[in-house]
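So you can see what is in the structure, the chains are spelled out below.
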Amino acid sequence: MSLSSTDHPHGVKTVIVPAAGMGTRFLPATKTVPKELLPVVDTPGIELIAEEANALGASRLAVIVAPNKQEVLRHFEQFPNLVETLAERGKTEQVEKVQRAAKLMSPVAVEQAKPLGLGHAVGLAESVLDDDEDVVAVMLPDDLVLPMGVLEKMAAVRAELGGSVLCAVDVPLEDVFNYGVFDVEEIPADCSQDAETVKRVIGMVEKPEPEEAPSTFVATGRYLLDRGIFAALKRIKPGKGGEIQLTDAIELMIREGHPVHIVVHQGKRHDLGNPAGYIPACVDFGLAHPKYGPALKRAITEILAEHEAGRSGAAEQD
């Protein structure tokens, strides 16, 4: 028998992880390796997500997968033969690395037959929820939000203000056209939450031009959603390409009076969804790694010097 929601420290039993995408921006690597298994230094992105879900106190990872992407779930298996071989060779550290994912979280696969949008993917996860779950977390594996802990802050906001809570980051005005942007207002003065980092959401605008943006607070891939999101997803109409958008369902809930707040994250965000974001994430994690960091720093310094010298030489020839 699974634990009840009240036995979970933040009341969150299930974390939904949409992972059914084709990973086209990483081709040809993703012809055979799911994007979520690409390593950030030596740890796949999906395992970093599981670590964050574990820290939240969740006990179920509902991974939305395409019919041909079951390898993502296989990463959480036991691998007894590999463990035995490593143990016989005295490779204790490697044994711990192999076993780590299975100890973090118990995943369940939820198949998405066709890519019909983030909202459609999230909606499918309702089938694995228990009756006592009134809130779910959604974590997009493309987004690494560091340091970990923003979901715990979001849970504290929900405990006081109710409703749904989303994670936001503050970006330069000229970059807002890349994101969903929040229209916000201040929280009540008698609220115990920090008014600088917690705002009430009164609307969302998808990828506006800078002059039309209601704020510079943009959505990132962490959501703490009231279970009512599933009813809202069933009532919205498909958008472009026949896709069901999670943003549309959240906007519907806002219009109907459902409280929605954001927590403005004060740390870093890495986008693992494209090489331009994935490479800096690997560098950042690598520099912080106790084993690889010092050597990597020296290597980067040398590489930068070589590139700068190469550009200088080209300029002199011109």
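Since we're looking at a predicted model, the values are computed, not measured.

Quick notes on the UniProt feature "domain: Nucleotidyl transferase" (unreviewed entry) in the chain
Then step 1. The positions UniProt marks with the feature "domain: Nucleotidyl transferase" (unreviewed entry) are residues 16-281.
Then step 2. The straight-line gap between the two end C-alpha atoms of residues 16-281 is 23 Å; of that span, 31% is helix and 26% is strand.

Comments concerning the side chain of Glu52
Then step 1. Mapped onto the elements, Glu52 comes out in helix α1 (residues 45-56).
Then step 2. Setting aside its immediate chain neighbours within four residues, Glu52 contacts Met139, Met148, Val150, Leu151 and Arg222.

Brief notes about unusual backbone geometry
Trans peptide bonds make up most of the peptide bonds, and negative phi angles are found at most residues other than glycine.
Then step 1. Across the junction of Leu27 and Pro28, the peptide omega takes the value 10 degrees, indicating a cis bond.
Then step 2. Of note, the amide linkage connecting Leu146 to Pro147 takes the cis form, showing an omega dihedral of -10 degrees.
Then step 3. Within the secondary structure layout, Pro147 lies in the loop between β7 (143-146) and α6 (150-161).
Then step 4. The residue Phe79 is not glycine, and still its phi comes out positive at about 55 degrees.
Then step 5. In this fold, Phe79 is placed in the loop between α2 (71-74) and α3 (80-88).
Then step 6. Given a relative accessible area of 25%, Phe79 falls into the partly exposed group.
Then step 7. The phi dihedral of Lys207 falls on the positive side, at around 50 degrees, and the residue is not glycine.
Then step 8. Take Lys207: it is sitting in the loop between β10 (198-206) and β11 (217-226).

A few points about the side chain of His289
Then step 1. Structurally, His289 can be placed in the loop between α9 (275-288) and α10 (293-317).
Then step 2. One polar contact links the side chain of His289 to the main-chain amide nitrogen of Tyr292, over a distance of 3.3 Å.
Then step 3. Apart from residues no more than four positions distant in its own chain, His289 is found in contact with Val41, Asp42 and Pro294.

Some words on the pairing of strand β1 (residues 14-18)
Then step 1. β1 sits mainly inside the fold: five of its five residues count as buried.
Then step 2. Residues Thr14, Ile16 and Pro18 of β1 are buried on one face, and the alternating residues Val15 and Val17, pointing to the opposite face, are buried as well.

Structural notes on the environment of Asn81
Then step 1. If you trace the backbone, Asn81 turns up in helix α3.
Then step 2. Its relative accessible area of 59% is what places Asn81 among the exposed residues.
Then step 3. Remark: the alpha-carbon pair of Asn81 and Leu129, spanning 48 residues in sequence, is separated by 33 Å.

The rules behind the values
Residues numbered from 1 in each chain as written. Predicted model: local features only at pLDDT ≥ 70, side-chain atom pairs only at ≥ 80, totals over all residues. Heavy atoms only, no water. UniProt positions renumbered as here; feature names shortened; annotations may be inferred. Helix = DSSP H or I, 4+ residues; strand = E, 2+ residues; numbered from the N terminus. Contact = heavy atoms within 4.5 Å. Buried < 20%, exposed > 50% of the residue type's maximum accessible area, 1.4 Å probe, protein only. Polar contact = N/O pair within 3.5 Å; in protein donor to acceptor, adjacent residues only side chain to side chain.

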